[in-house]
Amino acid sequence: MAEFVYGLCAATSVLCVIMLFRGYRTKRTHLLFWACLCFAGLAVNNLLLFVDLVILPEIDLSVWRLGIAVAAMSALLFGLIWESK
C-alpha cells in the first residue's frame, strides 16, 4: 500500500509541474516559473523516495532526497523573495 501512495505523490507532483509550466507559458509570470521549478524538484524527490524505499531498499538515498528537497524549496523561496522587491 505504501508503494501506491509513493507513486501517487510522484504523479501528483509531475501533474503540478505540467500545469504550472502551462500557466507560465501563457502568462509569463516569474512566480509560476519558480513554483514550477520547485515542484519539479519535489517530483524528483518523490521519485527518489520510491526508488529508495521500494526498488533499492538496501541503498540509502536519504541524503540525496533531502538535498533535492532543500534545493527545490530554496528555488521557491528565492522566487518569492525576488518577486516581493
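Up top is the structure.
Figured I'd write up the structure that's included with this text. Note on numbering: residues in each chain are counted from 1, in written sequence order. In keeping with the predicted nature of the model, local features appear solely for residues at pLDDT of at least 70, side-chain atom pairs appear and are counted solely at 80 or more, and the whole-chain, interface and lining totals rest on all residues. Hydrogens and waters are ignored; side-chain quantities use all the structure's heavy atoms.

Its place among the elements puts E58 in the loop between α2 (30–55) and α3 (62–83). The classification of residues rests on relative accessible area computed with a 1.4 Å probe and restricted to protein chains. Under 20% of the type maximum is buried, over 50% is exposed, and intermediate values are partly exposed. A relative accessible area of 62% places E58 in the exposed class. With 16 residues separating them along the chain, E58 and L42 place their C-alpha atoms 23 Å apart. Secondary structure elements follow DSSP: runs of H or I of four or more residues count as helices, runs of E of two or more count as strands, with numbering from the N terminus.

Turning our attention to unusual backbone geometry. At R28, a residue that is not glycine, the phi angle is positive and equals roughly 55°. Note on placement: R28 falls in the loop between α1 (2–27) and α2.

So, on to the packing of α1 against α2. Where α1 meets α2, the closest approach of the two axes is 8 Å, and the angle between their N-to-C directions is 160°. For the element pair α1 / α2, the angle class is roughly antiparallel. In this structure, α1 meets α2 at a crossing whose hand is left-handed. Here the term charged refers only to Asp, Glu, Lys and Arg, the term nonpolar to Ala, Val, Leu, Ile, Met, Phe, Trp, Tyr, Cys and Pro, and the term polar to all other amino acids, Gly among them. Looking at the contact of α1 with α2 residue by residue, the class counts come to 22 nonpolar, 4 polar and 1 charged. As a rule, the C-alpha atoms of each element are fitted with a line to give its axis, helices using only the stretch in contact, and angles between N-to-C directions run from 0 to 180 degrees. Orientation categories follow fixed angle ranges, with anything under 35 degrees roughly parallel, anything over 145 roughly antiparallel, 65 to 115 roughly perpendicular, and all other angles oblique. Here a crossing is called left-handed whenever its near helix is offset anticlockwise from the far helix by less than a right angle, and right-handed whenever the offset is clockwise.

Moving on: the packing of aromatic side chains. In this description, an aromatic ring pair is defined by two values, namely the gap between the centres and the angle between the planes. Pairing of aromatic rings covers Phe, Tyr and Trp, the last through its six-membered ring, and needs centres within 6.5 Å; plane angles under 30 degrees mean stacked, over 60 mean edge-to-face, and all others mean tilted. Tallying each qualifying case throughout the model produces 4 aromatic pairs. Centre to centre, the rings of W34 and F78 are 5.1 Å apart; their planes meet at 75°, and the pair counts as edge-to-face. Separated by 44 residues along the polypeptide, W34 in helix α2 and F78 in helix α3 bring together distant segments of the chain. The exposure class assigned to W34 is buried, which follows from its relative accessible area of 18%. Here F78 falls in the partly exposed class, since its relative accessible area comes to 41%. Each member of the aromatic cluster is reached from another via a ring pair, and the members are Y24, F33, W34, F78 and W82. A ring is considered to have a charge above it if a Lys NZ or an Arg CZ atom is located within 6 Å of its centre and within 35 degrees of its normal. A cation sits over an aromatic face here: R28 above Y24, 5.2 Å from the ring centre.

The next thing to look at is the side chain of S13. Within the element layout of this structure, S13 appears in helix α1. Relative accessible area serves as the criterion here: at 8%, S13 is assigned to the buried category. Whether two residues are in contact is decided by their heavy atoms: any pair within 4.5 Å suffices. Once residues within four sequence positions are removed from consideration, S13 is found in contact with F39, L42, A43 and N46.

Moving on: the state of the cysteines. To count as a disulfide, a pair of cysteine sulfur atoms needs to be within 2.5 Å. Counted according to the given criterion, the structure contains 0 disulfides. With no disulfide partner, C16 has as its closest neighbouring cysteine sulfur the one in C36, 10 Å distant. When its relative accessible area of 22% is taken as the criterion, C16 is described as partly exposed. Residue C38 stays outside any disulfide, its sulfur separated by 9.7 Å from that of C36, the closest cysteine. Under the relative-accessibility criterion, C38 is labelled buried at 1%.

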